[in-house]
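So the chains spell out like this:
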Amino acid sequence: MAEVKFFGGESIPLEMHKVRIVQKLALPPVERRLAAITEAGNNTFLLRNSDVFMDMLTDSGVNAMSDQQQAAMLVADDSYAGSATYTRLESKLQEIFGTPYFLPAHQGRACENILSQVLVSKGSVVPMNYHFTTTKAHITLNGGTVEELVADTGLEVVSVHPFKGNMDTGKLRDVIGLHGADKIAFVRMEAGTNLIGGQPFSLQNLVDIRKICDEHGLLLVLDASLLADNLHFIKQREADCRALGIREITRRIADQCDIIYFSARKLGCARGGGICIRSEELYRRMRGLVPLYEGFLTYGGMSVREMEALTVGLEETMDEEVINQGPQFIAYMVDELQKRDIPVITPAGGLGCHVNAMKFVDHIPQAEYPAGALASALYIAGGIRGMERGTLSEQREPDGREIFANMELVRLAMPRRVFTLSQVKYAIDRLEWLYANRRLIGGLAFTEEPEILRFFYGRLKPVSDWQEKLVAKFRADLGNSL
Ligand SMILES: *Cc1c(COP(=O)(O)O)cnc(C)c1O
């Protein structure tokens, strides 16, 4: 927290909230953790929460709600049509983004379904800074293809570039020239670029993209799911925006866009989603799909309670002290890991801390899933559940050949305002111990491999008895510690 200096000189993030509801956590002993990860087929998705101490799998739908959000849930207006809850949410979005039209949806991917059905057709091309899994799936399902135009700096693991989510404007011009503007369904910018480490784009980049869109009559669509983090980084890192308030930066971003959609599982710390639209014509074209796939226009598959919480959550997103908590905890963790030479994606982004397994366990071949092995080892070492984002998350070629991922990452998500600093310190400590013992970590092999989305359901086994050795070393080093 830049504003609060510690007399002792220590630089740590200070929580600007207090805890009023708690959930008890269990930390099973290391022997039980080995048994649990074995039962889960070495797949962190298949662990039971009763065996997990720090759940760092995702930031989706697991962010802490404020007292104001919880209070608002009690005044939800549960009427099918004419709901006052809907009107409050619609007005809040109009106020924040300045977009006149709003369509509710049950979550982010539902917005992507509607957008893709209306705007994408066979042969369409959608240029974007980087894809998200569900976005790409909906675009390809409707016959389109995705062009990833993130600037080359975005893919450098270790970097000091402040805006690794920026789109390369030269590449955008090339893609438009190559396919012709009439083939481009829309240009998509993703705030807080999820799959490359929660990295932001700059306002200037968005303005530049808008200019190119205007030259060719193209729609600019913003995926605002991770907008809160991106707003924080623009305020912190973009010189021209330092004097602006979060509300003003938000409006300047929104002013560049024709359509803004979001997952409220992240933005607004609730559960749901929606599409904000500038043009009445586009609104009318999309509207028909909401009752078909989501629910009536006044709730779109969301519970009215969640909608009330979202309205308050959106207002709270305009508060710098609310949105800086996640990124500051992540920055603290990334800094501390770097001090210990533990390889992580830099600079720190939003969403979570991304450990570079390719380096951490550089002795494990990609065919033995280094990121999956590291995620399994970290669970054994500390009861910490992360998510493999590497070769395991890819799909085999139709002929069975393995596609090796560009990056082998273990993502440790930082749900917003959920963990305390001592818990984060614990995670750092267990990673430090694991790094000192990294040569003990071995690879994994599938015992059950589903054809699609294998990372969700697949089961694996260690290629040797490395996990027993890891447990024995834990006992030798840490005595009877949990
Ligand atoms: C999570 C996410 C989505 C999908 O949202 P869901 O609510 O999970 O369907 C889309 N885009 C981005 C950038 C996301 O982070």
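In the block above lies the structure referred to throughout.
Scope of this entry: the structure provided in the associated data block.

How each quantity is defined
- Residues numbered from 1 in each chain as written.
- Predicted model: local features only at pLDDT ≥ 70, side-chain atom pairs only at ≥ 80, totals over all residues.
- Heavy atoms only, no water.
- Helix = DSSP H or I, 4+ residues; strand = E, 2+ residues; numbered from the N terminus.
- Rg over C-alpha atoms; globule rule 2.2 N^0.38 Å.
- Buried < 20%, exposed > 50% of the residue type's maximum accessible area, 1.4 Å probe, protein only.
- Areas by Shrake-Rupley, 256 points an atom, 1.4 Å probe, with all protein chains shown as cover.
- Pairing = 2+ DSSP bridges.
- Axes fitted to C-alpha atoms, helices over the stretch in contact; angles between N-to-C directions.
- Core = buried A, V, L, I, M, F, W, Y, C linked by side-chain atoms within 4.5 Å.
- Left-handed = near helix turned anticlockwise from the far one by under 90°.
- Contact = heavy atoms within 4.5 Å.
- Nonpolar A, V, L, I, M, F, W, Y, C, P; charged D, E, K, R; others polar.
- 1 Å grid on protein atoms, 1.4 Å probe; cavity = no way out; pocket = protein on both sides within 12 Å on 5 of 7 lines; lining within 4 Å.
- Points joined across faces, edges and corners; volume = space filled by probe spheres on them.
- Domains from an automatic or database assignment.
- Near = heavy atom within 4 Å.
- Polar contact = N/O pair within 3.5 Å; in protein donor to acceptor, adjacent residues only side chain to side chain.

Points about the overall build of the protein
Within the protein, the regular secondary structure consists of 19 helices and 14 strands. Computed over its C-alpha atoms, the radius of gyration of the protein comes to 22 Å, within 12% of the 23 Å expected for a compact globule of 482 residues. Based on the C-alpha atoms only, the size of the protein along its principal axes is roughly 65 × 55 × 45 Å. Counting all 482 residues of the protein, 56% fall into the buried class. Put simply, the protein shows about 19900 Å² of open surface, and 52% of that area lies on carbon and sulfur atoms.

A few points about the sheet that holds strand β12 (residues 409-413)
The three strands are arranged β9-β12-β11 in an open sheet whose pairing can be described as antiparallel. Every other strand in the sheet has two partners, leaving β9 (352-356) and β11 (387-389) as the edge strands with one partner each. Sheet twist, expressed as the average angle between the axes of neighbouring strands with direction ignored, equals 30 degrees. As defined by bridge partners, β9 adjoins β12 across five bridges and the pair is classed as antiparallel. Each residue of the ladder has a partner; that of Val 355, found in β12, is Val 410.

Notes on the nonpolar core
Counting residues in hydrophobic clusters, the biggest one holds 59 residues, and the most contacted among them are Met 333, Phe 360, Leu 412, Leu 431, Leu 434 and Ile 441. Of all hydrophobic cores here, the second largest spans 53 residues; its members include Met 73, Leu 172, Val 187 and Leu 310.

Regarding the packing of helix α16 (residues 370-382) against helix α17 (residues 421-436)
The angle between the axes and the distance between the axes are what describe a pair of packed helices. Axis separation between α16 and α17 bottoms out at 10 Å; the angle between their running directions is 115 degrees. Here the hand of the crossing between α16 and α17 comes out right-handed. Of α17, the residues touching α16 (which contributes Leu 374, Ala 377, Leu 378, Ala 381 and Gly 382) are Tyr 426, Arg 430, Leu 431, Trp 433 and Leu 434. Residues that form the contact of α16 with α17 fall into these classes: eight nonpolar, one polar and one charged.

A look at empty space enclosed by the protein
Left-over empty space is what a probe sized like a water molecule reveals as it rolls over the atoms. Scanning the model with the defined rule gives three cavities of 30 Å³ or more in all. Roughly 130 Å³ of volume is contained in the largest cavity. Taken together, 16 residues make up the lining of the largest cavity; nearest its centre are Ala 228, Cys 269, Val 322, Ile 323 and Arg 416. Mapped by element, the contributors of at least two residues to the lining of the largest cavity are α8 (227-237), α12 (304-317), α13 (320-323) and α14 (325-339). Counting residues per element, the lining of the largest cavity draws most heavily on α12, which supplies three residues. Both domain 1 (30-59 + 322-478) and domain 2 (67-319) contribute no fewer than three residues apiece to the lining of the largest cavity. In this model, the second largest cavity occupies a volume close to 110 Å³. In terms of lining residues, the second largest cavity is bounded by 14 residues, among which Asn 43, Thr 44, Glu 388, Leu 392 and Phe 455 are the most central. Of all the elements in the fold, those that place two or more residues in the lining of the second largest cavity are α16, β11 and α18 (454-457). Looking at the lining of the second largest cavity residue by residue, the classes come out as seven nonpolar, five polar and two charged.

Considering the site of the ligand
As a structural note, the neighbourhood of the ligand is formed by 14 residues, with Gln 107, Arg 109, Asp 223, Ser 263 and Lys 266 the closest of them. Measuring from an oxygen atom of the ligand, one finds a side-chain N or O atom of Ser 263 at 2.6 Å. For the ligand, whose accessible area on its own is 380 Å², the fraction buried by protein is 98%. At three residues, the largest contribution of residues to the shell around the ligand is made by helix α4 (residues 108-119). Looking at the shell around the ligand residue by residue, the classes come out as two nonpolar, six polar and six charged.

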